[in-house]
Amino acid sequence: MPQHPEPDPAKLAAARAAVALVRNGMKLGLGTGSTASVMVRELAARARAEGLSLRCAATSKATCELAESLGLAIESLDEIGWLDMTIDGADEVDPDLHLIKGGGGAHLREKIVAAASKRMVVIADPTKVVEQLGAFPLPVEVLRFGFETTRTLIRRALDDLDLGDREVLHRLKGSEPWVTDEGNWILDLHLKCIPDPVALARALAAIPGVVEHGLFLGMCSLAIIGKPDGTVVRLDRNADIDADMLAGEGDQP
Ligand SMILES: O=C(CO)[C@H](O)[C@H](O)COP(=O)(O)O
């Protein structure tokens, strides 16, 4: 088994609590990022120890490689169909369980997988919980074709929302553009705060050339926040989520 550093205790606590929700036979979406990686390791260990039969779709090439290296078989989303649950990390979580995602640049696949899931469970440490979204730069995946035109249209949309003086930065890896799993580029919107996430999401989605933005609104039904002492806090959108989740058989969300 590949060696890896001891995981952060808060991420480990959140990951373990989420993996405890998994039942034999479930169809799962596996998120991307450092917290999701801890979850994938915990899930693989539990599946091995208990002989669980699971069907898993990955939200990135990196997660696919990690899961397969740990013995979890990954199938394409379309092979599996609707999922019982996706477990993923987040960059910010607000009190309505609205999210910013895409710090790892995987928010396009993450959103598709979450949309195909009956439940999206977010795992995070307390630094991700915010009163208002926007301190974390909002990632927007953009087609390379007409990239500067799309950036200008985004700036105009921000102007209309009184967010006009904010930076819209091309994400780089070294001196080269950062390329997503789908071959696109990313703009990071340094907004400082997002007073109206719904309006911003609508404005960004209306711009040709925007493939997907990192606002996940109304998608997450449970956030599990791990604390450094190993305890967790659950932020529920639906009070009956656990009973509901156990009853789910992967029908259409
Ligand atoms: O959205 C994501 C990747 O696109 C990640 O889930 C998010 O960036 C959180 O990552 P980490 O757990 O490493 O802080």
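Since the model is a prediction, treat every value here as computed from it, not as a measurement.

Asks: Any chance you could explain the overall build of the chain here in plain terms?
Replies: Secondary structure summary: the chain contains eight helices and 15 strands in total. Scaling as 2.2 N^0.38, a compact globule of 253 residues should have a C-alpha radius of gyration of about 18 Å, and the chain matches this with 18 Å. Along the longest, intermediate and shortest principal axes, the C-alpha atoms of the chain span 55 × 35 × 35 Å. Out of the 253 residues belonging to the chain, those deemed buried represent 51%. The long-range fraction of contacts in the chain, counting pairs at least 24 apart against all pairs at least 6 apart in sequence, stands at 76%. Roughly 11500 Å² of accessible area belongs to the chain as shown, and the carbon and sulfur atoms make up 52% of that amount. Between the centroid of the 27 positive side chains of the chain and the centroid of its 38 negative side chains there is a distance of 2 Å.

Asks: Honestly, the UniProt feature "active site" (unreviewed entry) in the chain in this entry has me stumped. Any pointers?
Replies: Taken from the UniProt record, the annotation "active site" (unreviewed entry) applies to Glu-110. Checked against the element boundaries, Glu-110 lands in helix α5 (residues 107-115). A residue is classified by how much of its surface remains accessible, and Glu-110, at 3% relative accessible area, is buried. Once residues lying within four places of it in the same chain are set aside, the contact partners of Glu-110 are Thr-32, Thr-59, Asp-88, Lys-101, Gly-102 and Phe-216. A polar contact is formed between the side chain of Glu-110 and the side chain of Lys-101, at a distance of 3.1 Å.

Asks: Quick question: what am I supposed to make of the nonpolar core here?
Replies: Most often, soluble globular proteins keep nonpolar side chains buried together rather than apart. Counting residues in each nonpolar core, the largest one holds 32 residues, and the members touching the most others are Val-22, Leu-28, Leu-30, Met-39, Leu-43, Leu-54 and Ile-224. Elements with a minimum of two residues in this core: α1 (9-19), β1 (27-30), α2 (34-50), β2 (55-58), α3 (61-69), β3 (83-88), β6 (117-124) and β14 (222-226). Each residue touching Leu-43, except ones within four places of it in the same chain, is listed here: Val-19, Val-22, Leu-28, Leu-30, Leu-54 and Leu-72.

Asks: So what exactly am I meant to see when it comes to α3 here?
Replies: Structural remark: α-helix, 3.6 residues per turn; residues separated by three or four positions point the same way. All buried positions along α3 are accounted for by Thr-63, Leu-66 and Ala-67. Looking straight down α3, one finds its buried side chains confined to an arc of 95 degrees; they lie on one side. In this structure, the buried side of α3 is in contact with β1, α2 and β2. The first or second residue beyond α3 is Gly-71, which carries a positive phi of 95 degrees.

Asks: Looking at this structure, how should I read empty space enclosed by the protein?
Replies: Over the atoms rolls a probe the size of a water molecule, and its path tells where empty space is left. In total, this model carries one cavity of 30 Å³ or more according to the counting rule given. A volume near 50 Å³ is recorded for the largest cavity. Lining of the largest cavity is provided by Thr-59, Gly-105, Ala-106, Leu-108, Arg-109, Glu-141, Thr-180, Asp-181 and Glu-182. Taken domain by domain, the lining of the largest cavity gets at least three of its residues from each of domain 1 (9-126 + 218-247) and domain 2 (138-209).

Asks: Explain the site of the ligand to me, please; I cannot follow it from the model alone.
Replies: As a structural note, the neighbourhood of the ligand is formed by 17 residues, with Thr-32, Ser-34, Thr-35, Asp-91 and Lys-128 the closest of them. At 3.0 Å, a backbone N or O of Ala-106 approaches an oxygen atom of the ligand. Considering the ligand on its own, with 380 Å² of exposed area, one finds that the protein chains cover 90% of that surface. Grouping the constituent residues of the shell around the ligand by class yields two nonpolar, ten polar and five charged.

Asks: Would you explain the domain arrangement of the chain in this entry?
Replies: Put simply, an interface is often sized by how much accessible area is lost when its parts join up. By domain assignment, the chain separates into domain 1 (9-126 + 218-247) and domain 2 (138-209). Contacts between the two partners involve eleven residues from domain 1, matched on the other side by eleven residues from domain 2. Counting across the domain 1 and domain 2 interface gives two salt bridges. Where domain 1 touches domain 2, the interface holds five residue pairs in polar contact (both at pLDDT 80 or more). Here the side of domain 1 that touches domain 2 takes three residues from α5, the largest share from any one element. Across the side of domain 1 that touches domain 2, the residue classes tally to two nonpolar, six polar and three charged.

About the criteria used
Residues numbered from 1 in each chain as written. Predicted model: local features only at pLDDT ≥ 70, side-chain atom pairs only at ≥ 80, totals over all residues. Heavy atoms only, no water. Helix = DSSP H or I, 4+ residues; strand = E, 2+ residues; numbered from the N terminus. Rg over C-alpha atoms; globule rule 2.2 N^0.38 Å. Buried < 20%, exposed > 50% of the residue type's maximum accessible area, 1.4 Å probe, protein only. Contact = heavy atoms within 4.5 Å. Areas by Shrake-Rupley, 256 points an atom, 1.4 Å probe, with all protein chains shown as cover. Lys, Arg positive; Asp, Glu negative; His and termini not counted. Charge placed at Lys NZ, Arg CZ, Asp CG, Glu CD. UniProt positions renumbered as here; feature names shortened; annotations may be inferred. Polar contact = N/O pair within 3.5 Å; in protein donor to acceptor, adjacent residues only side chain to side chain. Core = buried A, V, L, I, M, F, W, Y, C linked by side-chain atoms within 4.5 Å. Arc of directions from axis to C-beta. 1 Å grid on protein atoms, 1.4 Å probe; cavity = no way out; pocket = protein on both sides within 12 Å on 5 of 7 lines; lining within 4 Å. Points joined across faces, edges and corners; volume = space filled by probe spheres on them. Domains from an automatic or database assignment. Near = heavy atom within 4 Å. Nonpolar A, V, L, I, M, F, W, Y, C, P; charged D, E, K, R; others polar. Salt bridge = Lys/Arg side-chain N within 4 Å of Asp/Glu carboxyl O.

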